[in-house]
Amino acid sequence: AAIMLLVQDGKVNLDEKISKYLPNTPETWKDVTVRNLLTHTSGIPSYTRLGGFELSKRYKVSDFINELAKQPLDFETASEYRYSNSGYNLLGFIVESASGKSYWEFLRTRIFQPLGMNLTADRDPQFIVRNRATGYEWENDRYVGRDGNLTDLFSAGAIISTISDMAKWDLALRGENLLTKQSKAESWKPFLLSNGEENFYGLGWNIAEFRDQHILRHGGQTAGFAANISRYIDADLSIIVLTNLGTQGLGTSISQDIAKFYIPTISLKYLKVKAESDPKLDQLISNTLNEIVQNNLRSDVLTEDLIKTLSTERSKKNFQRIKAFGKIKKAELIGDEMLDKKTVYKYRIETPKKLMLWSFTLNDEEKISAINLEEEELR
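The rules behind the values
- Once a new chain begins, its residue numbering starts again from 1 and follows that chain's sequence as written.
- A pLDDT threshold of at least 70 governs which residues receive local features in this predicted model, and a stricter bar of 80 or more applies before side-chain atom pairs are shown or counted, although totals over entire chains, interfaces and linings include all residues.
- Note that the side-chain values use all heavy atoms of the structure and ignore hydrogens as well as water.
- A run of DSSP states H or I qualifies as a helix once it reaches four residues; a run of E qualifies as a strand once it reaches two. Both are numbered from the N-terminal end.
- Here the globule rule is a power law, 2.2 Å times the number of residues to the power 0.38, and the radius of gyration is based on C-alpha atoms.
- Here a residue-residue contact requires only that any non-hydrogen atoms of the pair lie within 4.5 Å.
- Only the protein chains shown count as cover for residues, with accessible areas throughout obtained via the Shrake-Rupley method and a probe of 1.4 Å.
- Positive charges come from Lys and Arg alone, negative charges from Asp and Glu alone, with His and the N- and C-terminal ends not counted.
- Charge positions are represented by NZ for Lys, CZ for Arg, CG for Asp and CD for Glu.
- Every angle, taken between N-to-C directions, lies between 0 and 180 degrees, and every axis is a line fitted to C-alpha atoms, over only the stretch in contact when it is a helix.
- For classification, angles of less than 35 degrees are called roughly parallel, those exceeding 145 degrees roughly antiparallel, those between 65 and 115 degrees roughly perpendicular, and all remaining angles oblique.
- Charged means Asp, Glu, Lys or Arg here, nonpolar means Ala, Val, Leu, Ile, Met, Phe, Trp, Tyr, Cys or Pro, and polar covers whatever is left, Gly included.
- Among the buried residues, those of types Ala, Val, Leu, Ile, Met, Phe, Trp, Tyr and Cys that are joined through side-chain atoms within 4.5 Å form a nonpolar core.
- Residue exposure (1.4 Å probe, protein chains only): buried if accessible area is under 20% of the type maximum, exposed if over 50%, otherwise partly exposed.
- Any carboxyl oxygen of Asp or Glu that lies within 4 Å of a side-chain nitrogen of Lys or Arg is treated as forming a salt bridge with it.
- Multiplying one less than the number of residues by 1.5 Å gives the expected span of a helix.
- A residue's bend is the angle separating two fitted axes: one through the seven residues that end there, the other through the seven that start there.
- A cavity here means a set of points on a 1 Å grid, drawn over the protein atoms and nothing else, where a 1.4 Å probe fits but cannot get out; a pocket is an open set with protein on both sides within 12 Å along at least five of seven lines, and a residue lines either one if it has an atom within 4 Å of a point.
- Grid points are joined across faces, edges and corners, and a volume is the space filled by probe spheres set on the points.
- When DSSP finds two or more bridges between two strands, those strands count as paired.

Student: I'm lost on the overall build of the protein chain in this one. Help?
Tutor: Helix and strand content of the protein chain: 11 helices and 14 strands. Compactness check: the protein chain gives a C-alpha radius of gyration of 23 Å against a globular reference of 21 Å for 379 residues, within 12% of the reference. In terms of principal-axis extent, the alpha carbons of the protein chain reach across some 65 × 45 × 40 Å. Across the protein chain, contacts joining residues at least 24 apart in sequence account for 58% of those joining residues at least 6 apart. Only carbon and sulfur atoms are counted for the fraction: they give 49% of the accessible area of the protein chain, which is about 20100 Å². Positive and negative side-chain charges of the protein chain, numbering 50 and 51 respectively, have mean locations separated by a distance of 5 Å.

Quick look at the structure:
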């Protein structure tokens, strides 16, 4: 949004090379545009998986670029999509370069204050913030306080806020006092990769079609916290979730569960069952899942690699949780698709307490090589 305000001001061009706005960028970044950073198609690796970018270092723009420039590109610019927090930190530095203000001052004067978002600010722990929530992680069957050695998120996600302030943000997205109709349309369209394929990530927004619903959304997770904003356009429904538990995907999962109260047709109950289901496969899936929750991992049904994955403590604990839902009453095929020359089957699994959507991948030997719980809801 900050970048789009500068586009509206005529100070930033989305298709300009970032070297125009940033000092001493390496030769490997020569083709990277502002739009590439926004759409995660730059190829610049995400610093959050590199290490060495702790908040305590408080890198300035030159230090950040110098450290990051040591890394090769993950892929040729514009050829792929890969989420990169580096891109969004670089965008924060572009905001500073183009506006002449610090990133946080720009947000305060151009977004937070005009919208009355008075409880939205920098999460830096050096600041005393009244009523600031403590973040937690679930480790070894108990809650623990978040790691104190935080990564420097800067403009890649260091904002603290409240639900009431986020409601003001959503209201602003519904009007044109902040972003123009043209800016919003630009933000919410897919990016065309260099091979001609569309990637359904706009300018800071995931663009999704989910069970006949057009959704603009974004989830996130950091030490001790998870969040999500989902805007169901057809239903005129916005759902915002802020949590102080840093479980990956937690905000998104809660958001989707809430949506089902307002849009019942997206519930697992309403998924259409595939008529040409193979009874033998249905039974195999049902039996195998029941066996896995009992920690019975059969080598004649599961691949060796999958058995190793399912043997980890984390996996065992997750299946212990699933075991508490009760024995499988029904397994129904919802659909199948080919991915990397392997068949992936989607099954709705019914237990006394829950409905779940699972995906099962079969290899050439008809063994299950991957299993994934995609969704669950109370019956």
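Student: Hey, could you run me through the packing of helix α9 (residues 279–293) against helix α11 (residues 313–323) in this one?
Tutor: Between two packed helices, both the angle of their axes relative to each other and the distance between the axes serve to describe the pair. Two numbers describe how α9 lies on α11: the axes approach to 8 Å, and their chain directions differ by 115°. With respect to α11, the axis of α9 lies roughly perpendicular. On α11, the residues that touch L289, I292 and V293 of α9 are F319, Q320, I322 and K323. Its residues placed into classes, the contact of α9 with α11 shows five nonpolar, one polar and one charged.

Student: In this structure, what is going on with the nonpolar core? I would like to understand it.
Tutor: Side chains of a nonpolar character, in soluble globular proteins, are inclined to be buried together. Ranked by internal contacts, the top residues of the largest apolar core, which has 53 residues, are I3, V34, L90 and I94. At the level of elements, α1 (2–8), α2 (34–38), α3 (61–68), α4 (85–99), α5 (103–115) and α6 (163–174) are the ones that each hand at least two residues to this core. Of all the elements, α4 adds the most residues to this core, at seven residues.

Student: Looking at this structure, how should I read the pattern of salt bridges?
Tutor: Between side chains of opposite charge, a pair can form when the charged atoms approach closely. Counting across every chain of the model gives 30 salt bridges. With a closest N to O distance of 2.5 Å, E375 and K260 form a salt bridge. A residue pair is termed long-range when its members are at least 10 positions apart, and E375 in strand β14 (residues 368–378) and K260 in helix α8 (residues 250–262) qualify at 115 residues. The two residues E375 and K260 agree in class, both being buried. Among the salt bridges present, the one from E350 reaches R379, with a minimum N-O distance of 3.0 Å. Here E350, found in strand β12 (residues 342–350), pairs with R379, found in the segment after β14; they are 29 residues apart in sequence, far enough to count as distant. You can call R379 partly exposed: its relative accessible area is 46%. Each of the salt bridges in this network shares a partner with another, and the network as a whole consists of D15, R35, E186 and K189.

Student: Which parts of the structure should I look at to understand α5?
Tutor: At 3.6 residues per turn, the α-helix brings residues three or four places apart onto the same side. Between its terminal C-alpha atoms α5 stretches 17 Å, which fits the 18 Å expected from 13 residues at 1.5 Å a residue. Along α5, the largest kink reaches about 35° and is centred on T109. For α5, the set of buried residues is Y103, W104, F106, L107, I111 and F112. On its buried face, α5 sits against α1, α4, β1 (121–122), β4 (159–160) and α6.

Student: I keep staring at unusual backbone geometry and nothing clicks. Help me out?
Tutor: Outside of glycine, negative phi angles account for most residues, and trans bonds account for most peptide bonds. The residue D212 is not glycine, and still its phi comes out positive at about 70°. Mapping D212 onto the fold places it in the loop between β7 (206–210) and β8 (213–222). A relative accessible area of 76% means that D212 is categorised as exposed. Residue E366 is not a glycine yet carries a positive backbone phi of 65°. Turning to its location among the elements, E366 is positioned in the loop between β13 (354–362) and β14.

Student: Explain the layout of surface pockets here, please?
Tutor: A probe as big as a water molecule, rolled over the atoms, marks out the empty space that is left. Here the second largest pocket is characterised by a volume of approximately 1500 Å³. Residue lining of the second largest pocket: 37 residues in total, with T247, Q248, R314, N318 and R321 positioned closest to the centre. Of all the elements in the fold, those that place two or more residues in the lining of the second largest pocket are β2 (136–139), α8, α10 (304–310), α11, β13 and β14. Of the residues forming the lining of the second largest pocket, the biggest block, eight residues, is contributed by β14. Taken together, the residues of the lining of the second largest pocket sort by class into 11 nonpolar, 13 polar and 13 charged.

Student: Would you explain the side chain of S183 in this entry?
Tutor: Relative to the helices and strands, S183 is located in helix α7 (residues 181–187). Setting aside residues no more than four positions away along its own chain, S183 makes contact with M4 and Q8.

Student: Where do I start with the sheet that holds β8 in this structure?
Tutor: Picture the strands of a sheet paired through backbone hydrogen bonds; they go either parallel or antiparallel. The sheet built from four strands is open, its strands ordered β7-β8-β9-β10 with antiparallel pairing. At either end of the open sheet lies a strand with only one pairing partner, and these are β7 and β10 (237–243). Taken pair by pair, the neighbouring strands of this sheet meet at an average axis angle of 20°, ignoring direction. In terms of strand pairing, β8 meets strand β9 (residues 225–232) through eight bridges, oriented antiparallel. Directly across from G219, in β9, lies its bridge partner N228. Its contacts with the sheet place α6 against β9 and β10, and it is angled at close to 150° to β10.

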